[in-house]
Amino acid sequence: MQNFIFHNPTKIIFGEGEIGALDAHIPRHARVLITAGGGSIKHNGVLAQVQAALGSRQHFLFEGIEPNPAYETLMKAVALAREKNIDFLLAVGGGSVIDGTKFIAAALKFKGEPWDILSKQTPVTQAMPFGTVLTLPATGSEMNCGAVISYRARGDKLVFSSEATFPVFSILDPTVTYSLPPRQVANGVVDAFVHIVEQYLTYPVDARVQDRFAEGLLLTLTEIGPQALAEPHNYAVRANLMWTATLALNGLIGAGVPQDWATHMLGHELTALHGLDHAQTLAIVLPALLSVRRESKRDKLLQYATRVWHITEGTADERITAGIAATRAFFEKMTLPTHLSDYQIKPASIAILMAKLEEHGMSALGEREDMTLAISRQVYERAL
Ligand code: NZQ
Ligand code: ZN
């Protein structure tokens, strides 16, 4: 096992009816800016619950944070927060709203041009405190300190993280996910699945409990993923999905093990260039990446095929091939197509994707930092 520091300060308040607990977790005299997406929280009654729980606290609403949140939009929220003398942010939504709020929180305390946080990776040392009410189980953003922000005008989608941008608390009420469209449920399952894979399917370091945590989470997703689509109001399924997605990316399974993240980096370029949903990009890239990288991931691919997909017959090579095929089949069962051509993306796009990867310095990806641009090109080509 590798050396590690594990620290996660986010308080999780989990269960049906827990939005009311907001009152106990936000300072009594806080001036609160609620940050939100495109309106789902108005239609499903979540905003009304939040506003009721805030009681007599001064609060304002910033709406319109879009999927793959845009720097251009978030800077408007920064201006509003300054104008209204806000001292606490409350993100109510999915990963985009939460990520966007992390950026707003950091930008409010940042000296200089906030885009430098993404483009130059200028460290964020302080941020405004914020809590979240999660409405979409997928990203794990509710219990981690990372965020992915897009600059539409430049075609960039970049990541930052800081100890200062952990949520103070996150409220996870599985019933608020009942209103999710099937596409977003499927996206959430696939995103969480790939988060686990990127921290597990690398090379062995004899981290037995991390491996078994990861396998337990993957097995849970293979069981409940299809059920979450078939039975939208099944509380037990939604509760398991919500907690699994949180555990998939809150630092626990990644402590002391190598991590990959190449699938995410190649996927971000696809979203930036073609506007695909985040999870759609992962469903395309991961099966292709696993087949291109099957030799360097050989030991873990065998373990994955056996323990997650129960593949025990055939030669080692046949079992690896079957494990990768099972992964692709699972994404397709979750209704996400797994080839670029399924999204009308033509081979000519690969040159543009490669130029962006290079511009963003993504030339040494993977758990051994040995995934060159030439290998990334092979992955995109394999994904056609
Ligand atoms: O905008 P509204 O109206 O709220 O609608 C949203 C949006 O259209 C809708 N939605 C959310 N909760 C709902 C709901 N509709 C009905 N009922 C509900 N309860 O779902 C749509 C998608 O929302 P979004 O927040 O974009 O989805 P998701 O949670 O999948 O977040 C994706 C973003 O997170 C980033 C991705 O790159 C992408 O930008 N990620 C963040 C990570 C992190 N911070 O750790 C890790 C991930 O790898 C990921 O990269
Ligand atoms: Zn993701």
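Residues numbered from 1 in each chain as written. Chains lettered and ligands numbered in written order. Predicted model: local features only at pLDDT ≥ 70, side-chain atom pairs only at ≥ 80, totals over all residues. Heavy atoms only, no water.

**Q** I keep staring at the overall build of the protein chain and nothing clicks. Help me out?
**A** Within the protein chain, the secondary structure is distributed over 15 helices and eight strands. Since a compact globule built from 384 residues should have a radius of gyration of about 21 Å, the 20 Å found for the protein chain is in line with a globular shape. For the protein chain, long-range pairs separated by at least 24 residues make up 78% of all intrachain contacts whose partners lie at least 6 apart in sequence. Positive and negative side-chain charges of the protein chain, numbering 33 and 38 respectively, have mean locations separated by a distance of 3 Å. (Helix = DSSP H or I, 4+ residues; strand = E, 2+ residues; numbered from the N terminus. Rg over C-alpha atoms; globule rule 2.2 N^0.38 Å. Contact = heavy atoms within 4.5 Å. Lys, Arg positive; Asp, Glu negative; His and termini not counted. Charge placed at Lys NZ, Arg CZ, Asp CG, Glu CD.)

**Q** I'm lost on the sheet that holds strand β8 (residues 169–172) in this one. Help?
**A** Hydrogen bonds along the backbone pair up the strands of a sheet, which may run parallel or antiparallel. Pairing is parallel in the open sheet, where six strands are placed in the order β1-β8-β5-β4-β2-β3. Strand pairing shows two members of the sheet lacking a second neighbour, β1 (11–14) and β3 (58–62), which therefore form its edges. Strand after strand, the sheet turns through a mean of 20° between neighbouring axes, direction not considered. Two strands pair when backbone bridges link them, and β1 and β8 are joined in this way by four bridges, in the parallel orientation. Considered in β8, the bridge of isoleucine 13 is made with isoleucine 171. Across the sheet, helix α5 (residues 95–108) touches β2 (31–36), β4 (88–93) and β5 (130–134), and the angle it forms with β4 is around 165°. (Pairing = 2+ DSSP bridges. Axes fitted to C-alpha atoms, helices over the stretch in contact; angles between N-to-C directions.)

**Q** What is the right way to look at the pairing of strand β7 (residues 156–161) in this model?
**A** As a general feature of sheets, a regular strand has side chains that alternate between the two faces. Examined bridge by bridge, strand β6 (residues 146–151) and β7 share six bridges and lie antiparallel to one another. Each residue of the ladder has a partner; that of glycine 146, found in β7, is serine 161. Remark: four residues form the turn of the hairpin made by β6 and β7, two consecutive strands paired antiparallel; glycine 155 in that turn has positive phi of roughly 65°.

**Q** Looking at this structure, how should I read the coordination of the zinc ion (ligand 2)?
**A** Ideal geometry at a metal centre gives angles of 109.5 degrees when four donors are arranged tetrahedrally and 90 or 180 degrees when six donors are arranged octahedrally. Distances from the zinc ion (ligand 2) to its protein donors, namely Asp191 (OD), His195 (NE2), His264 (NE2) and His278 (NE2), fall within the range 2.0 to 2.1 Å. All donors of the zinc ion (ligand 2) come from a single chain, and their spacing in sequence reads D-x3-H-x68-H-x13-H. Taken together, the positions of aspartate 191 in helix α7 (residues 182–200) and histidine 264 in helix α10 (residues 262–274) put the pair 73 residues apart, joining distant regions of the chain. For the pair formed by aspartate 191 and histidine 264, the shared burial category is buried. (Donors = N, O, S within 2.8 Å, 3.2 Å for Na, K, Ca; no water. Buried < 20%, exposed > 50% of the residue type's maximum accessible area, 1.4 Å probe, protein only.)

**Q** Got a minute to help me understand the packing of α10 against helix α11 (residues 278–292) in this structure?
**A** Think of two packed helices as two axes; the pair is described by the angle between the axes and how far apart they sit. The interhelical angle for the contact between α10 and α11, taken along N-to-C directions, is 130°, at an axis separation of 8 Å. Judged on the interaxial angle alone, α11 and α10 are oblique. As α10 packs across α11, the resulting crossing turns out to be right-handed. When α10 is examined against α11, the residues Ala262, Thr263, His264, Leu266, Gly267, His268, Leu270 and Thr271 are found in contact with a partner set consisting of His278, Thr281, Leu282, Val285, Leu286 and Leu289. Within the contact of α10 with α11, the residues separate by chemical class into seven nonpolar, seven polar and no charged. (Parallel < 35°, antiparallel > 145°, perpendicular 65-115°, else oblique. Left-handed = near helix turned anticlockwise from the far one by under 90°. Nonpolar A, V, L, I, M, F, W, Y, C, P; charged D, E, K, R; others polar.)

**Q** Would you take a moment to explain the pattern of salt bridges for this structure?
**A** Opposite charge on two side chains permits pairing when their charged atoms draw close. Going through the model one piece at a time under the given rule, you end up with 17 salt bridges. In this structure, the salt-bridge partner of lysine 42 is glutamate 63, at a minimum N-O distance of 2.8 Å. Residue lysine 42 is found in helix α2 (residues 40–43), and its partner glutamate 63 is found in the loop between β3 and α4 (71–83); the two are separated by 21 residues along the sequence. Its salt-bridge partner being arginine 294, residue aspartate 317 comes within 3.5 Å of it at the nearest N-O pair. Here aspartate 317, found in helix α13 (residues 316–333), pairs with arginine 294, found in the loop between α11 and α12 (298–307); they are 23 residues apart in sequence, far enough to count as distant. Taking relative accessible area as the criterion, aspartate 317 reaches 37% and is therefore assigned partly exposed. Connected through salt bridges with shared partners, the residues Arg294, Glu295, Arg298 and Asp317 form a single ionic network. (Salt bridge = Lys/Arg side-chain N within 4 Å of Asp/Glu carboxyl O.)

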